[in-house]
Each structure stands twice: as C-alpha cells, then as structure tokens.
Amino acid sequence: MIYMDCRQALNKAAALCSRKEYCTTDIRKKLVNWELGDEEVEAVLVRLVNEKFIDDSRYASYYVKDKFLFNGWGRIKIRFMLRSKGLSSSMIDEALEQIVDADYSEKLAELLHSKNRQIKNKDAWQTKAALVRFAQSRGFEPDIVYRLIDQYLEI
C-alpha cells in the first residue's frame, strides 16, 4: 500500500489516464489502494471526470473495439466484462452498437476456421461440439454460432 495526499493522487491518476483509457471503477480501486479517504476518492474522481481524463462511455467504446478486433471476443463476453466494471447497460449497449453485423459474422467465421484446423478428431458431431464450445467461450451468441457452424460444416 502506498500513502499519498489528495494532490499527489490526482496528479498520478491524471498521468495514468493520459497514457491509457481507464474507467471510473479502475481509478477508484487505485485511489483506494493509495489509502485515500472516501471523500478524497470522490473529489479526485469528480475532478478527473470534469477535466475529461475519465469518460466511461469513451472507455466502453474503446474497450469494445479492442476486445472485438484484437481478442476476438463476442458481444456476450464484452458485455459481461463491462458490467463487471460497473458501467450502465445503456452505455454498454451504445458501445456495442459500433460492431457491424457483417464484421461480427466475418470475425466469428475466421475464428471457427482457425479452430477447425486445430481439431484433431474429424468426426462431424464432435467437431461441431468443439466449435460450439469454443465460440461460446469467446462470447458469441448461440444463434449465430450454430448458423455459421452449420454453413461451415454443411451438416
């Protein structure tokens, strides 16, 4: 644990936020870790939000883009992770709207194709089961998963 006064914490948190996007929950945890009192934590957070160092909707937008493009996560997993950060459902819905359905299907198809090459057992039903488990673990919705797998395997 590190002890800081309010001004030091504000400066350090602002420096962190200027290098990388953080949500209110992440910065709150850091401030509490730095042993600031509840009132000081709230004062620092209000100042960071007012000065646009923290913007939860901007964070959600970047998070969705990053996790979809680079991690290959589906909407379910992204939504779950953003909810765990304490973001509102409306903010999450707004951020998820930036994922284009065609890109979403294409990303899932790429992931399924890549995973299918790794599967040793070529029994059609076991392959399908493995692909379904994989896609759902990535957070893709069951209806799109089954539709694309059926198209891909032509079962």
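Note that the coordinates shown come from a computational prediction; the quantities given were computed from them, not determined experimentally.

Reading guide: rules and limits
Numbers given for residues are sequential positions, taken from 1 along each chain in its written order. For a predicted model such as this one, the threshold for reporting local features is a pLDDT of at least 70, and the threshold for listing and counting side-chain atom pairs is 80 or more; totals across whole chains, interfaces and linings nevertheless cover every residue. Just so you know, side-chain values use all the structure's heavy atoms and leave hydrogens and water out. Segments assigned H or I by DSSP are reported as helices when at least four residues long, segments assigned E as strands when at least two residues long, and all are numbered from the N terminus. We compute the radius of gyration over the C-alpha atoms and compare it with the globule rule, which gives 2.2 Å times the number of residues raised to the power 0.38. Contacts were defined at the residue level, with two residues in contact if any of their heavy atoms lie within 4.5 Å. Asp and Glu are treated as the negative residues and Lys and Arg as the positive ones, with His and the ends of the chain left uncounted. Lysine's charge is taken at NZ, arginine's at CZ, aspartate's at CG and glutamate's at CD. For this analysis, a nonpolar core means a set of buried residues of the types Ala, Val, Leu, Ile, Met, Phe, Trp, Tyr and Cys, connected via side-chain atoms within 4.5 Å. Three exposure classes are used, based on accessible area relative to the maximum for each residue type with a 1.4 Å probe and protein chains only: buried under 20%, partly exposed in between, and exposed over 50%.

This part is about the overall build of the protein chain. Secondary structure assignment for the protein chain yields nine helices and zero strands. Starting at the N terminus, the α and β elements of the protein chain follow one another as α-α-α-α-α-α-α-α-α. In terms of overall size, the protein chain is more extended than a compact globule, its C-alpha atoms giving a radius of gyration of 20 Å where 155 residues would be expected to give roughly 15 Å. A principal-axis box enclosing the C-alpha atoms of the protein chain has dimensions of 65 × 30 × 20 Å. For the protein chain, the proportion of contacts with a sequence separation of at least 24, taken over those separated by at least 6, is 61%. Across the protein chain, the mean location of the 26 positive side-chain charges is 6 Å away from that of the 24 negative side-chain charges.

The next point concerns the nonpolar core. Counting residues in each nonpolar core, the largest one holds 29 residues, and the members touching the most others are Ile78, Leu82, Leu108 and Val145. At the level of secondary structure, the elements contributing two or more residues to this core comprise helix H4 (56–69), helix H5 (75–84), helix H6 (89–96), helix H7 (101–118), helix H8 (124–137) and helix H9 (142–153). When neighbours within four sequence positions are excluded, Leu108 is seen to be in contact with Ala135, Phe140, Ile144, Val145 and Leu148. Tyr22, Ile27, Leu31 and Leu48 belong to the second largest nonpolar core, which has 17 residues in total.

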